[in-house]
Amino acid sequence: MITRCVRIICALVICVAVYFPARHARHYEYIPLKKVIQELTFVDGTPHSENHLRNCSYEDLILKSKEVPVSDITKPKKFELPLRGGEYIPRQCNSIIKTAIVVPYRNRSEQLQIFLNYMHSFLQQQSIHYKLFVVEQNNSLPFNRAQMINYGASVAISLNYPCLVLHDVDLIPLSTGNIYACSERPRHMSSSLDTFRYNLPYLTLFGGAIAILSQQYEEVNGMSNLFFGWGGEDDDFYTRLISHNLFPYRFDPEISRYSMLFHRKQPKNEERYETLKKSLKENKNDGLNNLHRKYYIVQEDLFTRIVVF
Amino acid sequence: MDDETLCCCEYYDSFKERNHILACCCNCVDLDEAVDSLIRGKKVSDNNKTGLLNTMQDRLRVPWRGGAKQVAFDSILPVIILPSMLLLGSISLWWTVFSFTTVAIFLSLIFNFLIKTIPNTKFFFVWTVTSMVLLYFIFEFIVIPFLEILVEENILLSALIFGFIICLYTTKIRANELTSLGTEECESSVGKEVGGFYNCRICDNKIPDKDHHCVWFDCCISKHNQCCFIAALFFAIAALLYSSNLTLTSVCHPFEFYKTILLPDDCSDVYYQFELALSFVSAIYSIAIAILLTVILLQQIFLVSIGMSLKEWNKLSIISKLCLGLNTKRIHNRGFLKNWSKIICWNKYQYHPLNREV
């Protein structure tokens, strides 16, 4: 009798250990497609546009989302040449969405070419007012993604962009309805990524592509500058948001599909857990308010280049 | 000898002395003498050689409840070969090709040799079990922690594996029942030629309506357990293909084939990281087995449909094989539906000597 009980308990323990949800990719809560439009935040028309135009409508774009085939990503795309510095203001209607797209970057010129070619045509179809900022790290230190985002974000905020999209250069949005706008709460955009089998690895994942209001980004003092190498900075940013009562969410997986350009999994930053602990304590003095490196800005044809030394 | 019960690592050796597994390299008289004569420049006597081999075989044991159990050398071979094949294969693409072809050639060479010299060898059955365990462990502890597979996908895979184990178990249980039937039959009719019973030279049993002896399952397949055998094959193929698809879409770059079905399209980066490479190699191994099993499954389905046993099929000439055996006289053929119903509804009491149809 006792041995039988022990066996049953053992079997149960093994089952729980094997099928433990945290060992697997997760299903997650999301804003359903029909409610997405209610969540978005808008601005009152851009000053450059003429007043007789009516405001752009985004409902059809979101509800009639289509999937771009992965093979089409690298094909040359037709798009209107943006203003110098990679800024585009739709002319057919009065855009009520104004977004700065901040892309941290180093030594990936091939990826950047594909990204620029794809994103301009993708974003112009959404008829939003946007500007592309590419932040380049130009020193011998290991790549610091979060710090580059901080520099990009501070430039964008100084240019009065109310909405920031923090975007990796190797991510390509596949759903045409994935609107590059900010919502009431910070939003994790790349929740359905092809290299993750279109699943979400864990619920607190907050990397890849993020949309956040500039005001909220300033409120949490941006991202931590301490994360060199790969990984950890997004988890840290997530905890920062939570500690400021900003609870991120996600939109329908149908409009959150992304493709990763080059898929080699890189070695992880060994110290990241240490840094994670340290950074939580130094929340107030580490972030947007302690950017001391020198940088300069170049207005390229398709984007604004911010070079950080 | 003392009456104390043995611990799991102890055993009584060939000299009836209590011994311990950890002492396997100590105190071997024959080895001492052999080395001694080697140093002196003399020839090692045959006595010493056979003694050495016997001692080695005697000390090759695995811990077991109530004393360590002796295992045959040929049955632990797969436990060494399979992991080393997968590990070597995960170095680079060329190593994968090399280790897989080496193992394939080795298996085809050793197959006939083993069956002739040691007919009741457990080599092939151990191979099956080791493959299963290895592939499952690699999936659970290397592929799942990539965090790309959903719980329900894991549960579905476990269900398929469970189905396979149940069918394999039933196949073997029924094979044992048949063996006992065969023994009874022979005792009741000594010296007579018994119709419908075939002597299996591999497991040395009398089996009614024998189809073939499956070395990988280590049992005879006849009409009584053919149904379970086919089901086991089906579950094995499904589990292998499903697990390899999950693994490959996790470690490679996937694309959407149809709705939610993903297929891998770019696996060029797997060899840069050991875990990825090992998962990839195990998936390739799964696909290789799945292909072999599919051939066997199709053959089984075909033979059952035309009402032939594998034994009869193998005796056919090439021409009648090309005609799919339809031109030959098939004594057991009762038509497509009846052939299948006979296999699915087989009842062991049908073969009782008294009410057996003559």
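Predicted model only: the values in this text are computed from it and were never measured.

Trainee: Describe the environment of Leu52 of chain B, naming the residues involved and giving the relevant values.
Mentor: Residues and elements named next belong to chain B. Mapped onto the secondary structure, Leu52 falls in helix H2 (residues 46-59). Between the alpha carbons of Leu52 and Asp32 there is a distance of 9.7 Å; along the sequence they are 20 residues apart. Setting aside anything within four residues of it in sequence, one finds Leu52 in contact with Cys28, Asp30 and Leu31.

Trainee: Please set out the pattern of salt bridges residue by residue, giving values where relevant.
Mentor: Taken as a whole and judged by the stated rule, the model has 18 salt bridges over all chains. A salt bridge links Arg91 of chain A to Glu80 of chain A, with the shortest nitrogen-to-oxygen separation between them at 2.3 Å. Of this pair, Arg91 of chain A sits in the loop between strand S1 (87-88) and strand S2 (98-105) while Glu80 of chain A sits in the loop between helix H3 (59-63) and S1, and the two are eleven residues apart along the sequence. Look at Arg91 of chain A and you get exposed, because its relative accessible area is 61%. Under the relative-accessibility criterion, Glu80 of chain A is labelled partly exposed at 34%. Asp36 of chain B serves as the salt-bridge partner of Arg40 of chain B, at 3.1 Å between the closest nitrogen and oxygen. Here the salt bridges share partners, and the residues they tie into one network are Glu67 and Arg257 of chain A together with Glu256 of chain B.

Trainee: I'd love a proper account of the pairing of strand S6 (residues 205-208) of chain B, names of residues and values included.
Mentor: Residues and elements named next belong to chain B. Judged from the four bridges that link them, strand S5 (residues 197-200) and S6 form a sheet pairing that is antiparallel. Counted as the bridge partner of Cys200 is Asn205 from S6. Hairpin connection, S5 to S6: the antiparallel pair is bridged by four residues, and Asp204 has positive phi, about 55°.

Trainee: Talk me through the UniProt feature "transmembrane region" (unreviewed entry) in chain B; I want residue IDs and the actual numbers.
Mentor: All names here are of chain B. Under the feature "transmembrane region" (unreviewed entry), the UniProt entry names residues 71-88, 94-115, 124-147, 153-171, 227-244 and 283-306. The straight-line gap between the two end C-alpha atoms of residues 94-115 is 32 Å; of that span, 100% is helix and 0% is strand. The span residues 153-171 carries 100% helix and 0% strand; its end-to-end C-alpha distance comes to 27 Å.

Trainee: Please give an account of the packing of aromatic side chains that cites residues and values.
Mentor: The description of two aromatic rings rests on the distance between their centres and on the angle between their planes. With the rule as written, the count across this model stands at 24 aromatic pairs over all chains. Pairing Tyr28 of chain A with Tyr30 of chain A gives two aromatic rings, centres 6.0 Å apart and planes at 70°, and the pair type is edge-to-face. In textbook terms, an aromatic cluster arises when at least three aromatic residues are bridged by ring pairs, as seen for Phe111, Phe123, Phe124, Trp127 and Trp216 of chain B. Residue placement shows Arg250 of chain A over the ring face of Tyr28 of chain A; its charged tip is 5.5 Å from the ring centre. Across the ring face of Tyr198 of chain A, the terminal group of Arg257 of chain A is positioned such that the distance to the ring centre comes to 4.0 Å.

Trainee: Which residues make up the pairing of strand S4 (residues 163-167) of chain A, and what are the values?
Mentor: All names here are of chain A. Taken across its five residues, S4 has five buried, putting it largely inside the fold. The side-chain alternation of S4 yields two buried faces, one formed by Cys163, Val165 and His167 and the other by Leu164 and Leu166. Relative to S4, S2 runs parallel, the two sharing four bridges. Within S4, the residue paired with Thr99 across the bridge is Cys163. The pairing of S4 with strand S8 (residues 209-213) spans five bridges and is classified as antiparallel. Residue pairing for S8: Cys163 is matched across the bridge by Leu213.

Trainee: Got a sec to walk through the interface of chain A and chain B? Specific residues and values, please.
Mentor: Contact residues are listed per partner, giving 23 residues for chain A and 26 residues for chain B. Run the count over chain A and chain B and you get three salt bridges. Of the charged contacts in the structure, one is a salt bridge between Glu256 of chain B and Arg257 of chain A, with a shortest N-O distance of 2.5 Å. Where chain A touches chain B, the interface holds eleven residue pairs in polar contact (both at pLDDT 80 or more). No other element matches strand S9 (residues 257-260) of chain A, which puts three residues into the side of chain A that touches chain B.

Trainee: I'd like a description of the UniProt feature "domain: Galactosyltransferase N-terminal" (unreviewed entry) in chain A, backed by residues and values.
Mentor: The residues that UniProt annotates with the feature "domain: Galactosyltransferase N-terminal" (unreviewed entry) are residues 72-183 of chain A. Summarising residues 72-183 of chain A: 28% helix, 24% strand, and an end-to-end C-alpha distance of 29 Å.

Trainee: An account of the UniProt feature "domain: Palmitoyltransferase DHHC" (unreviewed entry) in chain B is requested, with residue identities and associated values reported.
Mentor: Per the UniProt annotation, the sites labelled "domain: Palmitoyltransferase DHHC" (unreviewed entry) are residues 199-314 of chain B. Helix makes up 55% of residues 199-314 of chain B and strand 23%. Its end C-alpha atoms lie 17 Å apart.

Trainee: Please provide a residue-by-residue account of helix H4 (residues 93-117) of chain B, values included.
Mentor: All names here are of chain B. The end-to-end C-alpha separation of H4 is 36 Å, in line with the 36 Å expected for 25 residues at 1.5 Å each. Taken as a whole, H4 carries its principal kink of about 30° at Ile110. Those residues of H4 that fall on the buried side of the exposure criterion are Thr96, Ser99, Phe100, Val103, Leu107, Ile110, Leu114 and Ile115. Against the buried residues of H4 lie helix H3 (73-89), helix H5 (123-143) and helix H8 (274-306).

Trainee: Go over the side chain of Arg59 of chain B with me, naming the residues and quoting the values.
Mentor: Residues and elements named next belong to chain B. With respect to the secondary-structure elements, Arg59 resides in helix H2. Residue classification places Arg59 among the buried positions, given a relative accessible area of 15%. Residues within four places of Arg59 in sequence aside, it is in contact with Tyr11, Asn19, Ala23, Cys24, Cys26, Asn27 and Cys28.

Trainee: I'd like a description of the domain arrangement of chain B, backed by residues and values.
Mentor: Accessible area lost upon the coming together of the parts is a frequently used measure of interface size. Considered domain by domain, chain B is made up of domain 1 (3-71) and domain 2 (76-351). Computed over C-alpha atoms, the centres of domain 1 of chain B and domain 2 of chain B are 36 Å apart.

Trainee: Break down the state of the cysteines for me, citing the residues and quoting the values.
Mentor: Two cysteines form a disulfide when their sulfur atoms are joined by a covalent bond. All names here are of chain A. Summed over all chains, the structure comprises three disulfides over all chains. Two residues, Cys56 and Cys93, share a disulfide whose sulfurs are 1.9 Å apart. In this structure, the disulfide formed by Cys56 and Cys93 twists by about 95° around the S-S bond and is classed as right-handed. Separated by 37 residues along the polypeptide, Cys56 in the loop between helix H2 (36-39) and H3 and Cys93 in the loop between S1 and S2 bring together distant segments of the chain. By the burial criterion, Cys56 is buried, and Cys93 matches it. Note on cysteine connectivity: Cys163 is disulfide-linked to Cys182, with sulfurs 2.1 Å apart. Between Cys163 and Cys182 the disulfide shows an S-S torsion of about 85°. By sign, it is right-handed. Linking Cys163 in strand S4 with Cys182 in the loop between strand S5 (171-173) and strand S6 (187-188), this pair joins segments that are 19 residues apart in sequence. Comparing Cys163 with Cys182 shows no difference in burial state: the two are buried.

Calculation rules
Residues numbered from 1 in each chain as written. Chains lettered and ligands numbered in written order. Predicted model: local features only at pLDDT ≥ 70, side-chain atom pairs only at ≥ 80, totals over all residues. Heavy atoms only, no water. Helix = DSSP H or I, 4+ residues; strand = E, 2+ residues; numbered from the N terminus. Contact = heavy atoms within 4.5 Å. Salt bridge = Lys/Arg side-chain N within 4 Å of Asp/Glu carboxyl O. Buried < 20%, exposed > 50% of the residue type's maximum accessible area, 1.4 Å probe, protein only. Pairing = 2+ DSSP bridges. UniProt positions renumbered as here; feature names shortened; annotations may be inferred. Phe/Tyr/Trp six-rings, centres within 6.5 Å; stacked < 30°, edge-to-face > 60°. Lys NZ or Arg CZ within 6 Å of the ring centre and 35° of its normal. Polar contact = N/O pair within 3.5 Å; in protein donor to acceptor, adjacent residues only side chain to side chain. Expected span 1.5 Å × (residues − 1). Bend = angle between axes of the 7 residues up to and from the residue. Domains from an automatic or database assignment. Disulfide = S-S within 2.5 Å.

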